[in-house]
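Residues per chain are reported as follows:
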Amino acid sequence: MNPNRKIGQALALTEEDYVAAAKAVSTRAEYAKDIRYYLAAGGTIPATVDQVVTFITTMATSLAVATIEKRLVSLHVEHLERGHKSPVHDPRIKQLMKGVRRSLGVGQRQVTAIEKNTLIDMWSAAAKGRPAQAARTMALLAIGWAGAFRRSELVSLTWADVSWLESGIEITLKSSKVDQTGVGFVKFIPVAFGDRCPVKALKHWQEVCGNESGYIFMPVNRHDQIANKPLTAHAVAQIVKRIIVLTGRDPDSYSGHSLRAGFATAGTLAGIPSYQLMQQTGHRSEATLQKYVRIGKRRQIPSLL
């Protein structure tokens, strides 16, 4: 499929599609943030076509097409939920977005996956921190990677979501993009041999923080004091970047999503079938997983020299 056509379809979705997408807690939070950007730029609800045109041209000076598209979707949903007619589908907006795509291109930034060797380096760097901070960060990295968690999923986890088994742990996600109805999506993380075990790391963090209830991953300040609140999704990305710097790598190439991407890439390199990877990542279609699978398979090509 032509990439221009694929991304252009974002503004051609049905009203029902947008409303359904708005049901996820994490998605709603993103929509709310986008609307704050729009209002801060001088926009109003309901918006006029001229206001949306100004918003788009302002964003186009510094943002990627994908970000502009996402903010327009948020603006569209906001109008629907307030009972207003959305200006996003106006012919002027569609024509303007065609020009924006031609000018800026539609390629999305691909973050670097945290592969096994990188994770081990990060683990070693994190271990040198203060006791509480080290325990929290090592558990965060290990569980985030081994469970292929999204940032929003990681920060929502509570100790009540963890079932301790002899062979590992099961973690139940009560709310995620995978399970918006709240039925629950369970991820299993097996016990690993040696010291670099996600299960052991999580148990150690529990012993250090002394909690058996409440949120699992919490902020730790510079005095090594643990806050009684959950980390934010943004904080997860900042922790990943901070540890990446300590390993001598470029932090601009990594994000919180690098943990999830790393699991999928490493799983492919290890020969794990796609359907099993999807059981852990929660991808609802193999097509979405394929970008990680392609990277893994590409790196399996042997040298011919």
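Refer to the structure above for everything that follows.
Residues numbered from 1 in each chain as written. Predicted model: local features only at pLDDT ≥ 70, side-chain atom pairs only at ≥ 80, totals over all residues. Heavy atoms only, no water.

Visitor: What is the right way to read helix 6 (residues 91–104) from this model?
Guide: Since one α-helical turn is 3.6 residues long, residues separated by three or four positions face the same way. Across its 14 residues, helix 6 extends 20 Å between first and last C-alpha, which sits within 8% of the 20 Å expected from 1.5 Å per residue. Looking at where helix 6 begins, the residue whose side-chain oxygen comes 2.9 Å from the main-chain nitrogen of arginine 92 is aspartate 90. (Helix = DSSP H or I, 4+ residues; strand = E, 2+ residues; numbered from the N terminus. Expected span 1.5 Å × (residues − 1). Polar contact = N/O pair within 3.5 Å; in protein donor to acceptor, adjacent residues only side chain to side chain.)

Visitor: Just checking my understanding: could you explain helix 8 (residues 131–146) for this structure?
Guide: With 16 residues, helix 8 ought to run about 22 Å at 1.5 Å a step, and its terminal C-alpha atoms sit 22 Å apart, in line with that. Counting buried positions along helix 8 yields 15 of 16 residues, so the element is predominantly enclosed. Just beyond helix 8, the residue with positive phi is alanine 148, at close to 50°. (Buried < 20%, exposed > 50% of the residue type's maximum accessible area, 1.4 Å probe, protein only.)

Visitor: I tried to follow unusual backbone geometry on my own but got confused; where do I start?
Guide: Excluding glycine, residues mostly have negative phi values, and the peptide bonds linking residues are mostly trans. In the segment running from isoleucine 45 into proline 46, the intervening peptide bond is cis, with an omega of 5°. Within the fold, proline 46 resides in the loop between helix 3 (25–40) and helix 4 (49–59). Here the phi dihedral of aspartate 224 falls at roughly 65°; this positive angle occurs in a residue that is not glycine. Turning to its location among the elements, aspartate 224 is positioned in the loop between helix 10 (198–209) and helix 11 (233–246). With a relative accessible area of 18%, aspartate 224 lands in the buried category.

Visitor: For this particular structure, what's the right way to read the pattern of salt bridges?
Guide: Opposite charge on two side chains permits them to pair, given that their charged atoms come into close proximity. Following the criterion strictly, the structure yields 10 salt bridges and no others. Three or more residues are tied together by salt bridges with common partners; here these are Glu30, Lys33, Asp34, Lys70 and Arg71. (Salt bridge = Lys/Arg side-chain N within 4 Å of Asp/Glu carboxyl O.)

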